[in-house]
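Architecture and fold: a report
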Amino acid sequence: MHGKRAVTGERERKELLEVLIVGVLLVALTLGVALLLPEGHLLLTRPLWLDEYHTRFLASEPSLRQLFRNLSRGADFNPPFLYLLLRPLARTGEGLTRLDLRVFSYGTVFLSLNFLYWTLRRDYSKLPSLMGTLAVSAHPLVIHHSFDGRFYGPLLLFTSLLAFLLARADSWNRGEKVLVAVASVGLCTIHYFGVLVLGLLLVGHWVLSGSWGGRTRGLGYLTAGPLALLLCIPLYLGQRVALPIPTWLPEPSLPRVWGFVEGYLTWLPLNAGVLDYGLRLRLGRRKGL
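All values reported here derive from a predicted model rather than from experimental measurement.

**So, the overall build of the protein chain**
When helices and strands are counted, the protein chain shows 17 helices and zero strands. Classification of the 289 residues of the protein chain by burial places 37% in the buried group. In the protein chain, 74% of the contacts between residues at least 6 apart in sequence involve partners at least 24 apart. In the structure as shown, the protein chain presents an accessible area of about 17,200 Å², 70% of it carried by carbon and sulfur atoms.

**Focus on the state of the cysteines**
Inspection of the entire model under this criterion finds zero disulfides. Here Cys188 is not cross-linked by a disulfide; its sulfur's nearest cysteine counterpart is in Cys232, at 9.4 Å.

**Structural notes on the packing of aromatic side chains**
Overall, the coordinates contain eight aromatic pairs when judged by the stated rule. Here the aromatic rings of Phe151 and Tyr152 are separated by 4.6 Å at their centres, their planes lie at 50°, and the arrangement is tilted. Pairwise contacts between aromatic rings join Tyr106, Phe110 and Phe147 into one cluster.

**What to know about the side chain of Ser112**
Looking at the secondary structure, you find Ser112 in helix α6 (residues 98-121). You can call Ser112 buried: its relative accessible area is 2%. Apart from residues lying up to four places away in sequence, Ser112 is in contact with Gly153, Leu156, Leu157 and Ser160.

**Comments concerning helix α10 (residues 174-190)**
Taking 1.5 Å per residue as the helical rise, α10 with its 17 residues ought to reach 24 Å, and the 24 Å between its terminal C-alpha atoms agrees with that figure. Among the residues making up α10, those that are buried are Glu176, Val180, Ala181, Ala183, Ser184, Gly186, Leu187, Cys188, Thr189 and Ile190. Of the surrounding secondary structure, the elements contacted by the buried residues of α10 are α5 (81-90), α9 (152-166), α11 (194-208), α13 (219-222) and α14 (224-231). Structurally, the start of α10 carries an N-cap: the backbone nitrogen of Gly175 is 3.1 Å from a side-chain oxygen of Asn173.

**Re the pattern of salt bridges**
For the coordinates displayed, the defined rule picks out four salt bridges. The salt bridge involving Glu52 is made with Arg102; its shortest N-O contact spans 2.3 Å. Here Glu52 is found in helix α3 (residues 50-59), whereas its partner Arg102 is found in helix α6, with 50 residues between them in sequence. In terms of burial, Glu52 and Arg102 fall into one category: buried.

**Digging into the packing of α6 against helix α7 (residues 126-137)**
It is the contact of α6 with α7, at a shortest axis distance of 9 Å, that shows an interaxial angle of 140°. Note on packing geometry: the crossing formed by α6 with α7 is right-handed. Of the residues in α7, those in contact with Leu113, Leu116, Tyr117, Leu120 and Arg121 of α6 are Lys126, Ser129, Leu130, Gly132, Thr133, Val136 and Ser137. Here the residues of the contact of α6 with α7 sort into six nonpolar, four polar and two charged.

**Overview of a nonpolar patch on the surface**
A cluster of nonpolar side chains, contributed by Leu227, Leu230, Ile233, Tyr236 and Leu237, occupies part of the molecular surface with about 480 Å² of accessible area. Secondary structure elements with two or more residues in the nonpolar patch: α14 and α15 (233-241). Broken down by element, the nonpolar patch gets its largest block of residues, three residues, from α15. Overall, Leu227 belongs to the exposed group, its relative accessible area being 52%.

**Focus on the nonpolar core**
Counting residues in each nonpolar core, the largest one holds 35 residues, and the members touching the most others are Leu82, Tyr83, Leu86, Leu162, Leu187 and Ile190. Counting only elements with at least two residues in this core, the list comes to α3, α4 (64-72), α5, α6, α9, α10 and α11. Of the residues forming this core, the biggest block, seven residues, is contributed by α9. Discounting residues that sit within four places of it in the chain, Leu86 has contacts with Thr55, Ala59, Leu96, Leu101 and Phe104.

**Focus on the packing of α9 against α11**
Contact geometry of α9 with α11 gives a least axis separation of 11 Å together with a crossing angle of 25°. By the angle class used here, α9 and α11 are roughly parallel. Considering only the axes of α9 and α11, their crossing is right-handed. Contacts from Leu155, Thr159, Leu162, Ala163 and Leu166 of α9 reach α11 at Gly194, Val197, Leu198, Leu201 and His205. Of the residues assigned to the contact of α9 with α11, the class counts are seven nonpolar, three polar and no charged.

Basis of the calculations
- Residues numbered from 1 in each chain as written.
- Predicted model: local features only at pLDDT ≥ 70, side-chain atom pairs only at ≥ 80, totals over all residues.
- Heavy atoms only, no water.
- Helix = DSSP H or I, 4+ residues; strand = E, 2+ residues; numbered from the N terminus.
- Buried < 20%, exposed > 50% of the residue type's maximum accessible area, 1.4 Å probe, protein only.
- Contact = heavy atoms within 4.5 Å.
- Areas by Shrake-Rupley, 256 points an atom, 1.4 Å probe, with all protein chains shown as cover.
- Disulfide = S-S within 2.5 Å.
- Phe/Tyr/Trp six-rings, centres within 6.5 Å; stacked < 30°, edge-to-face > 60°.
- Expected span 1.5 Å × (residues − 1).
- Polar contact = N/O pair within 3.5 Å; in protein donor to acceptor, adjacent residues only side chain to side chain.
- Salt bridge = Lys/Arg side-chain N within 4 Å of Asp/Glu carboxyl O.
- Axes fitted to C-alpha atoms, helices over the stretch in contact; angles between N-to-C directions.
- Left-handed = near helix turned anticlockwise from the far one by under 90°.
- Nonpolar A, V, L, I, M, F, W, Y, C, P; charged D, E, K, R; others polar.
- Patch = residues over 30% accessible without salt bridge, like charges linked within 9 Å, V, L, I, M, F, W, Y side chains within 5 Å.
- Core = buried A, V, L, I, M, F, W, Y, C linked by side-chain atoms within 4.5 Å.
- Parallel < 35°, antiparallel > 145°, perpendicular 65-115°, else oblique.

Right, dumping it as structure tokens:
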């Protein structure tokens, strides 16, 4: 028994050391390299743009009642979770500053990359897992939104957290089940499109799960997100009323849809890694590896 505990303790120490090393590397290779660029400091200090002001003003509302009232009247056109996450920062010091927004956004992306690394680490060794994580961090959209005071960073965080948890669905404990529900709520109420992301995650989970039990395990906890989104319907209806004319979004068409797909999904280093990951999982299960 003592020997078994010693082995377990040694493994936990190695995992903790790996967590620390990976975290330092990700900071050095994302934040550090960016700030060493000639104009890198602008990532943190550039003036707020219009949508970031919407974030700042709503998160700084004196009361939740005022926040929800203004949100339902079209002060912004998203669910409320981002502003709720930022409210603790807005309650301190001089209020919500642009540096607060930049650091918060970078922090969510940094955590996202860590969850991605540990998802890959279940099936790969250290170096391929780190390379796959860096391929995502090098995506132009990830770089652009890592310091943007909007919902993109938190959206990536809840997506990567749920992917990490779904990869461990066979061994969820009570705390992880609660975390699944929280991540599902966060994903669906950080942006209205989050429920579509949840659907894509579930499709991937079903494809990669080797058994019916694995596919259905914990689905009840995942429904917390769509249920929370239903509670946001009054906000959505109010926001629609506040838009009597078409928004800046153009009508959908095949060329525009393809442009969207091309811009988001044709980052070749990322796609090659995803394809390899999926094939290894499927072939490994078939061979009983």
